[in-house]
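Take a look at the letters that make up each chain.
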Amino acid sequence: MFWQKNIETLPREQLEKLQLLRLKATVKRVYAKVPYYKKLFRAKKTAPKEIKTLEDITKLPFTTRDDLQKNYPDGLLSVTKDKLVRLHTSSGTTGKPKAVFFTEKDIATAANNMARCLTMTGVTKSDVLQNMMSYGLFTGGLMMHYGAEKIGALVIPAAIGNTDRQLLLMQDFGTTSIHLTPSYALYLAAIFEKKGRAFRKKLKLKRAYMGAEPYTEETKNKIESILKLKVYNSYGLTEMNGPGVAFECGFQAGMHLWEDSYLMEIVDPKTDRPLPDGQTGELILTTLTREGMPIIRYRTRDLTAIIPEKCKCGRTHRRIMRIKGRADDMFILRGVNIYPQQIERVLMSVAHVEKNYQIYLEDNDKMTVKVEITKKLFDGNLEHLKKLQFDLTEKLRAEIMVRPSVELVEPGTLPVSEGKAKRVFDNRKIY
Amino acid sequence: MHVKQVSIFLENKKGRLLDALKALAKAKINIRALSVADTADYGILRMIVSDVPRAKAALESAGFTVKETEVIAIAVSDQPGGLAKILEVLNNAGLNVEYVYAFAEKHENDAIVVLRTENIELGIKTLTNAKVKILEPKKVYSI
């Protein structure tokens, strides 16, 4: 099923023509209206007129997470503020967030892309979508909501939590599709197992969309077999409108990325050189239609590869593989993006712990921060150590919204990796 | 009057106490008294040793986090109520005792007790006024 068959199956040649047209317009726009981009362009000795083909994109500067934070709150706008209708921020921590702004048209485009995603997995206006994602600054809730409404499906804005009510809603309103995080899906699976087959028979569930956190094929399979529905992989990020950037079609062999909205590249994260289709590298995205806050060559830090072959579904927009990992040390725990630097800031503020720490992630969202007790932290008093442990736990919880377990360890017991110190040991089976 | 005590941070892991004691043995350091304070995951080993600077160097080069702290060593008459009498003095002066432990050896028929009060200077003054026998550091290290 197609939402916009013409565009979704547009011959490559025409699609690329459209991309080039939009790229040129976007580049011109940011150069003229966003002083920060003008500065970046000049530093790279480039200008809009250099863009003659799609390949010329490599002449443009990258935009990094740092650039977005540096320009917080509204340094990258390319329209006057009265044109804006919405802002979202990257998933929630107390550090400086990344703010992303939308005009009315930007919201409409994002909703339209979402509608394409849902339609290609079979959603029609007779479906009932229970949206179990948090509504608010996080893009996940609202953008899915808009996409489903656009199709004409009945949306239940259930948001996250209160499982008894979620189950009641599913049962009473005949929910066919759910949108939720994989960790909540696993929790639901456990409840379904307890309630037994008779309960599942009362429900009309057909499909689940899982997002906001990475998950493994095993998790997906487990959820499919217990909830008895199809799980569709999706990809999105706040900086690029949130969910609906790329999505699986009915053939479920990679995620179609909407190339009329985004120009994608894969580069080697170490050398920044472009990689050919099929090779794994960092996904770089340029917005092609965004008005409020266009972004040029955004470094997603997500590792994937472009699948060059044509998909059996007939769509010409190329697919990307499921995300294989991160090019930086960010990790996601219970839907929250966490950078080791945030942990470090807390450790510094409480105890000048500096570099003597490591983060361990285990299954079931368990996070342990090991802190080396160096001379500076040790005065021979046991009560002071206990207080340090308590303070670190509380301050970390306030910073990252997840309560870690803090362990005090002897110096030199943390494994040292060659060269750059390794901070995060992710032992979860997610990628 | 301040006796130097060596404190080591120890994880509650098999063999760590032994590692610390081995490091001291290798440096030919005698342990006069020791005590361990611990939680479920980590603890502090406190010791009075024959040579503080050398003990500290030996432990640090073996990778331990070491801190020198000051404590008071007192002679306690070896009879029922001997220590209680002394602690009562501190209690009456409103001074908290953070920890206390005893030497294995005696000194001139007295038992030797190491204690740490929250304010060391005030502790020494209070004990001196109450005529409690406080031992000189030099004597303590060589008992």
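J.: Could you give me a rundown of the overall build of chain A, with the residues and numbers involved?
T.: A tally of helices and strands in chain A yields twelve helices and 22 strands. Compactness check: chain A gives a C-alpha radius of gyration of 23 Å against a globular reference of 22 Å for 431 residues, within 12% of the reference. By the burial criterion, 58% of the 431 residues in chain A qualify as buried. The long-range fraction of contacts in chain A, counting pairs at least 24 apart against all pairs at least 6 apart in sequence, stands at 66%. Carbon and sulfur atoms provide 54% of the accessible area of chain A, an area that totals close to 19000 Å². If you average the places of the 72 positive and of the 50 negative side-chain charges in chain A, the two averages end up 4 Å apart.

J.: Would you mind going over the pattern of salt bridges in detail, with residue names and values included?
T.: All names here are of chain A. Summed over all chains, the structure comprises 37 salt bridges over all chains. With a closest N to O distance of 4.0 Å, Asp67 and Lys70 form a salt bridge. With Asp67 and Lys70 both in helix α4 (residues 65–70), this residue pair falls three residues apart, about one helical turn. A salt bridge links Arg334 to Asp365, with the shortest nitrogen-to-oxygen separation between them at 3.9 Å.

J.: Let's hear about the sheet that holds strand β14 (residues 306–307) of chain A: which residues, and what values?
T.: Residues and elements named next belong to chain A. Read from one edge to the other, the open sheet built from five strands follows the order β8-β9-β10-β15-β14, with strand pairing classed as antiparallel. Both edges of this open sheet fall to β8 (234–237) and β14, since each of them pairs with a single strand only. Taken together, the two bridges between β14 and strand β15 (residues 319–320) define a ladder with antiparallel strand orientation. Opposite Ile307, over in β15, you have Arg319 as the bridge partner.

J.: Can you tell me about the interface of chain A and chain B, naming the residues and giving the values?
T.: Each partner contributes residues to the interface: chain A has 16 residues there, and chain B has 24 residues. Contact between chain A and chain B buries roughly 1600 Å² in total, counting both sides, with carbon and sulfur atoms accounting for 59%. Looking at the side of chain A facing chain B, the largest losses of area belong to Phe378(A), Leu382(A) and Glu410(A), adding up to 42% of the total buried there. Inspection of the chain A/chain B interface yields two salt bridges. We note a salt bridge from Lys375(A) to Glu60(B), for which the minimum N-O separation is 3.0 Å. Counting across the chain A and chain B interface gives six residue pairs in polar contact (both at pLDDT 80 or more).

J.: I'd like to hear about the sheet that holds strand β5 (residues 177–180) of chain A, residue by residue, with values.
T.: All names here are of chain A. Taken in spatial order, the five strands of this open sheet run β4-β3-β5-β6-β7, and their pairing is parallel. Sheet topology places β4 (154–156) and β7 (230–232) at the edges, where each strand pairs with a single neighbour. With strand direction ignored, the average angle separating the axes of adjacent strands in the sheet is 20°. Bridging between strand β3 (residues 128–131) and β4 involves three bridges; their strand directions are parallel. The residue of β4 that forms the bridge with Gln130 is Ile156. Its contacts with the sheet put helix α6 (residues 139–151) on β3, β4, β5 and β6 (207–210), and the angle it makes with β3 is roughly 170°.

J.: I'd love a proper account of the packing of helix α3 (residues 82–92) of chain B against helix α4 (residues 120–129) of chain B, names of residues and values included.
T.: Residue and element names in this part refer to chain B. Running from N to C, α3 and α4 point in directions that differ by 120°, and their axes come no closer than 10 Å. When the axes of α3 and α4 are compared, the pair comes out oblique. Crossing geometry of α3 relative to α4 is assigned as right-handed. Judged by residue contacts, Ile86, Val89 and Leu90 of α3 engage Gly123, Thr126 and Leu127 from α4. Classifying every residue of the contact of α3 with α4 by side-chain character gives four nonpolar, two polar and no charged.

J.: How would you summarise the domain arrangement of chain B if you had to cite specific residues and measurements?
T.: All names here are of chain B. Examined at the domain level, chain B breaks down into domain 1 (3–69) and domain 2 (71–141). Summarising the inter-unit geometry, the C-alpha centres of domain 1 and domain 2 are found 22 Å apart. Listed as interface residues are 14 residues of domain 1 and, on the opposing side, 13 residues of domain 2. The contact between domain 1 and domain 2 buries some 1100 Å² in all, and 59% of this surface belongs to carbon and sulfur atoms. Inspection of the domain 1/domain 2 interface yields zero salt bridges. For the pair domain 1 and domain 2, the number of links is five residue pairs in polar contact (both at pLDDT 80 or more). The set of elements that each furnish at least two residues to the side of domain 1 that touches domain 2 consists of β1 (3–11), β2 (31–38) and β3 (42–49).

Rules behind the numbers
Residues numbered from 1 in each chain as written. Chains lettered and ligands numbered in written order. Predicted model: local features only at pLDDT ≥ 70, side-chain atom pairs only at ≥ 80, totals over all residues. Heavy atoms only, no water. Helix = DSSP H or I, 4+ residues; strand = E, 2+ residues; numbered from the N terminus. Rg over C-alpha atoms; globule rule 2.2 N^0.38 Å. Buried < 20%, exposed > 50% of the residue type's maximum accessible area, 1.4 Å probe, protein only. Contact = heavy atoms within 4.5 Å. Areas by Shrake-Rupley, 256 points an atom, 1.4 Å probe, with all protein chains shown as cover. Lys, Arg positive; Asp, Glu negative; His and termini not counted. Charge placed at Lys NZ, Arg CZ, Asp CG, Glu CD. Salt bridge = Lys/Arg side-chain N within 4 Å of Asp/Glu carboxyl O. Pairing = 2+ DSSP bridges. Buried area = accessible area lost by both parts, 1.4 Å probe. Polar contact = N/O pair within 3.5 Å; in protein donor to acceptor, adjacent residues only side chain to side chain. Axes fitted to C-alpha atoms, helices over the stretch in contact; angles between N-to-C directions. Parallel < 35°, antiparallel > 145°, perpendicular 65-115°, else oblique. Left-handed = near helix turned anticlockwise from the far one by under 90°. Nonpolar A, V, L, I, M, F, W, Y, C, P; charged D, E, K, R; others polar. Domains from an automatic or database assignment.

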